[in-house]
Amino acid sequence: MASKIVLITGANSGVGFATSKFFSSQPGYHVIMACRDAQKGKKALSEIQSAGEVKGSLSLLELDVDSDESIRTAFEAVKKEFGKVDVLLSNAGVIALGSEGREKLTRIFQTNVAGAFLFAEAFTPLLLKSSKPYLIQVSSSLGSLAWSSDPNNPYYHSAWDEYRMSKAALNLGTIQQHKRLHSQNVKVFAFCPGLVRSNLRGEAEEAVSAGGNAGDPLDSAKALFDIAEGKRDADAGKFVNGAGVIPW
Ligand SMILES: NC(=O)c1ccc[n+]([C@@H]2O[C@H](COP(=O)([O-])OP(=O)(O)OC[C@H]3O[C@@H](n4cnc5c(N)ncnc54)[C@H](OP(=O)(O)O)[C@@H]3O)[C@@H](O)[C@H]2O)c1
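One structure accompanies this document, and this report is about it. The structure displayed is predicted, hence computed values, not measured ones.

Moving on, we come to helix 1 (residues 14–24). With ten of eleven residues buried, helix 1 lies mostly within the body of the structure. Three or more residues of helix 1 are buried, namely Gly14, Val15, Gly16, Phe17, Ala18, Thr19, Ser20, Phe22, Phe23 and Ser24. Residues of helix 1 that are buried make contact with strand 1 (4–9), strand 2 (29–35), helix 2 (38–50), strand 3 (57–62), strand 4 (87–90) and helix 8 (217–228).

So, about the sheet that holds strand 6 (residues 187–191). Pairing is mixed in the open sheet, where eight strands are placed in the order 3-2-1-4-5-6-7-8. Since the sheet does not close on itself, it has two edges, and those belong to strand 3 and strand 8 (245–246), each with one partner. In this structure, strand 1 lies alongside strand 2, joined through six bridges in parallel fashion. Bridge pairing in strand 2 links Leu7 to Ile32. Sheet contacts for helix 2: strand 2 and strand 3; angle to strand 3, the most-contacted strand, approximately 175°. Its contacts with the sheet place helix 3 (residues 68–81) against strand 1, strand 2 and strand 3, and it is angled at close to 145° to strand 3.

A large share of strand 2 lies buried, amounting to seven of its seven residues. Crossover connection from strand 1 via helix 1 to parallel strand 2: handedness right-handed. Alignment of strand 2 against strand 3, held across six bridges, turns out to be parallel. Within strand 3, the position partnered with Cys35 by the bridge is Glu62.

Bringing the site of the ligand into the picture now. The full set close to the ligand counts 29 residues, and Ser13, Val15, Arg36, Tyr163 and Ser198 are the nearest of them. Here an oxygen atom of the ligand sits 2.8 Å away from a polar atom, N or O, in the main chain of Asn91. In isolation the ligand offers 890 Å² of accessible surface; the protein chains occlude 94% of this area.

As a packed pair, helix 3 and helix 4 (residues 101–127) sit with axes 10 Å apart at the nearest point and diverge in direction by 20°. Looking at the two axes, helix 3 sits roughly parallel to helix 4. For helix 3 against helix 4, the interelement crossing comes out right-handed. Contact residues: helix 3 offers Asp68, Ile71, Ala74, Phe75, Val78 and Lys79, while helix 4 offers Leu118, Phe119, Ala122, Phe123, Pro125 and Leu126. Its residues assigned to classes, the contact of helix 3 with helix 4 shows ten nonpolar, no polar and two charged.

Before going further, it helps to spend a moment on the pattern of salt bridges. In this structure the tally under the stated criterion is seven salt bridges. Of the charged contacts in the structure, one is a salt bridge between Glu205 and Arg197, with a shortest N-O distance of 2.9 Å. The exposure class of Glu205 is partly exposed, given its relative accessible area of 47%. Arg197 sits in the partly exposed class, given a relative accessible area of 33%. One salt bridge connects Arg232 with Asp235, and the closest N-O pair in it is separated by 3.3 Å. For the pair shown, Arg232 and Asp235 are each scored as buried.

What counts, and where the lines are drawn
- Residues numbered from 1 in each chain as written.
- Predicted model: local features only at pLDDT ≥ 70, side-chain atom pairs only at ≥ 80, totals over all residues.
- Heavy atoms only, no water.
- Buried < 20%, exposed > 50% of the residue type's maximum accessible area, 1.4 Å probe, protein only.
- Helix = DSSP H or I, 4+ residues; strand = E, 2+ residues; numbered from the N terminus.
- Contact = heavy atoms within 4.5 Å.
- Pairing = 2+ DSSP bridges.
- Axes fitted to C-alpha atoms, helices over the stretch in contact; angles between N-to-C directions.
- Right-handed = clockwise from strand over helix to strand, strands pointing away.
- Near = heavy atom within 4 Å.
- Polar contact = N/O pair within 3.5 Å; in protein donor to acceptor, adjacent residues only side chain to side chain.
- Areas by Shrake-Rupley, 256 points an atom, 1.4 Å probe, with all protein chains shown as cover.
- Parallel < 35°, antiparallel > 145°, perpendicular 65-115°, else oblique.
- Left-handed = near helix turned anticlockwise from the far one by under 90°.
- Nonpolar A, V, L, I, M, F, W, Y, C, P; charged D, E, K, R; others polar.
- Salt bridge = Lys/Arg side-chain N within 4 Å of Asp/Glu carboxyl O.

Written out as structure tokens, the structure is:
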């Protein structure tokens, strides 16, 4: 059986790493681990391989979503080697630790909005070569306008203004991509992985675990796998998490 090709940005860490590990543990999947830092990518790939659970296959791709040139070069490499992508997981994201004000807002929007959106636009021609394509934008519940503005919702109370704004903008981009692509058979989702362990908030244990509150990114990976396996097709065009549908 020919492999389904899954391309994951930000694959060396957190949600992207767990998802690379889980998908490659399933037969019939080839995971392209797209990482902006080749050394981190190599380390992550060999960590997955040495865990001994790979039943599919894996490869590495250098890709910085902040760079049009990097996106173009990566696209040509994937086109040449694989000719299609079945699952495009636009996962790379930042909270721009260590910056403030305009610089922070610009850095966050550069990666989480421009990077995520333009990466997906650039790779769409390869998705259209798949017989059952999925485009998943990794968003956050913090970007839900409905929850952010509802005083009775727990998400009402947290700050993270710049990050929330970026995910709300990405959500609208995802709606636009759905409207354009659903007639061409592409199932488009915005997906929240939940609060899970990762380096997003920093590399110290307190930050990785969000003060002990963060769950296991393997659960996010399993929910993403369900999407790729067609179990959430009825929710295409929506904002989802592992449990259900999130209001925009
Ligand atoms: N973890 C959570 O609780 C949580 C909750 C809701 C949503 N999310 C979303 O989940 C996604 C994954 O984040 P994470 O939590 O797994 O954080 P993470 O551990 O920091 O992983 C983020 C990944 O994105 C990569 N990245 C950053 N900028 C990039 C760029 N310009 N080009 C390519 N790759 C880039 C990072 O690469 P480097 O290692 O080289 O920096 C890293 O591999 C993000 O979109 C985040 O907003 C996470």
